[in-house]
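These are the residues of each chain, in order.
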Amino acid sequence: MTVTQVDLSSLYDSNIYFIDGGRKTLLVDTGTGFNPEPSLNSIRKLLNNRRLDYLVLTHRHFDHVGGMARIIKEFSPGRILMGEGDAEPIREGDSEATMGTAFGGRIERTDVEGLKEGDVLDLGDWTLTVIETPGHTAGSICLYDAERKALFTGDLLFMNGVGNTTDPTGDAGELKASLRKLSGYDIIGLYPGHGPYLAKGGYEQLRGAMRMMGA
Ligand SMILES: [Zn+2]
């Protein structure tokens, strides 16, 4: 097992996934950072004295990025990355646009690198390709490993559901188009931003979501 779900501590936390790629390590999302010790301890154990090479944020929302400041302080990730379309409010420390204020938290200015369609993160045994999937937010991304056919979806696609489009940059038409785009990929494992993940059956979940949305 080279992908592990990090312990969470708040009801509002996004899932946090740790990928041990053999040569490099990567963390997907950070939770809210409210009461962060359980997550930090879990990440420390998983790293086992190695460095955290990549921190990737699936999108701008506070429940996914709020824990970033503590994780950066503790583990000094080599690169901090997210979809370019969602990067600006993080660079500016904009607690409104990231929903920090709505969650009762705040975001610090953070220098994140922008990712775009087709960018590749090579971890050794895992090779993650960036797929731009707007709809839940303008800069939402998925990460896909072609060898395992594993997909990390953030808040685009969950088990038995899809993300909302209530963000000012959200758009239902774009969300449907993103689902259709993903249907061109062979998907087995599905690792969403909330709720359970599936080692198998990812493609069926996608087809179900497309039917539900009329995509
Ligand atoms: Zn979200």
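Residues numbered from 1 in each chain as written. Predicted model: local features only at pLDDT ≥ 70, side-chain atom pairs only at ≥ 80, totals over all residues. Heavy atoms only, no water.

Colleague: Account for the coordination of the zinc ion, with residues named and values stated.
Modeller: Ligation of the zinc ion by protein atoms is provided by H59 (NE2), H61 (ND1), H136 (NE2) and D155 (OD), these donors lying 2.1 to 2.3 Å from the ion. In the primary sequence, the donor residues of the zinc ion line up as H-x1-H-x74-H-x18-D. Here the residue H61 occupies a position in the loop between β4 (54-57) and α2 (62-65), and H136 occupies one in the loop between β8 (127-132) and β9 (141-145), the gap between them amounting to 75 residues. (Donors = N, O, S within 2.8 Å, 3.2 Å for Na, K, Ca; no water. Helix = DSSP H or I, 4+ residues; strand = E, 2+ residues; numbered from the N terminus.)

Colleague: Quick rundown of the sheet that holds strand β1 (residues 3-5)? Include the residues and the values.
Modeller: As summarised here, the arrangement of the six strands in space is β1-β2-β3-β4-β5-β6, forming an open sheet in which the pairing is mixed. Of all strands in the sheet, those bounded by a partner on one side alone are β1 and β6 (113-115). With strand direction ignored, the average angle separating the axes of adjacent strands in the sheet is 25°. Across three bridges, the pairing between strand β3 (residues 25-28) and β4 is parallel. (Pairing = 2+ DSSP bridges. Axes fitted to C-alpha atoms, helices over the stretch in contact; angles between N-to-C directions.)

Colleague: Just give me the short version of helix α6 (residues 172-182), but keep the residues and values in it.
Modeller: Within α6, the full set of buried residues consists of L175, S178, L179 and L182. Angularly, the buried residues of α6 cover 100° about the axis, an arc narrow enough to put them on a single face. Buried positions along α6 lie against β8, β9, β10 (150-154), β12 (161-162) and α7 (202-213). Looking at where α6 begins, the residue whose side-chain oxygen comes 3.0 Å from the main-chain nitrogen of G173 is D171. (Buried < 20%, exposed > 50% of the residue type's maximum accessible area, 1.4 Å probe, protein only. Arc of directions from axis to C-beta. Contact = heavy atoms within 4.5 Å. Polar contact = N/O pair within 3.5 Å; in protein donor to acceptor, adjacent residues only side chain to side chain.)

Colleague: Before we move on, could you go through the packing of aromatic side chains and cite the residues and values that matter?
Modeller: For the structure shown, the criterion picks out 10 aromatic pairs. Relative to F103, the ring of Y12 has its centre 6.0 Å away and its plane inclined at 80°; by these criteria the two rings are edge-to-face. Here Y12, found in the loop between β1 and β2 (17-20), pairs with F103, found in helix α5 (residues 100-103); they are 91 residues apart in sequence, far enough to count as distant. The class of Y12 is partly exposed, set by a relative accessible area of 48%. With 6.4 Å between their ring centres and 55° between their planes, W126 and F152 make a pair best called tilted. One end of the pair, W126, is in the loop between β7 (120-122) and β8; the other, F152, is in strand β10, and 26 residues separate them in sequence. When its relative accessible area of 1% is taken as the criterion, F152 is described as buried. Taken together, the ring pairs in this structure connect Y17, W126, F152, Y191 and Y197 into an aromatic cluster. Residue placement shows R148 over the ring face of W126; its charged tip is 4.1 Å from the ring centre. (Phe/Tyr/Trp six-rings, centres within 6.5 Å; stacked < 30°, edge-to-face > 60°. Lys NZ or Arg CZ within 6 Å of the ring centre and 35° of its normal.)

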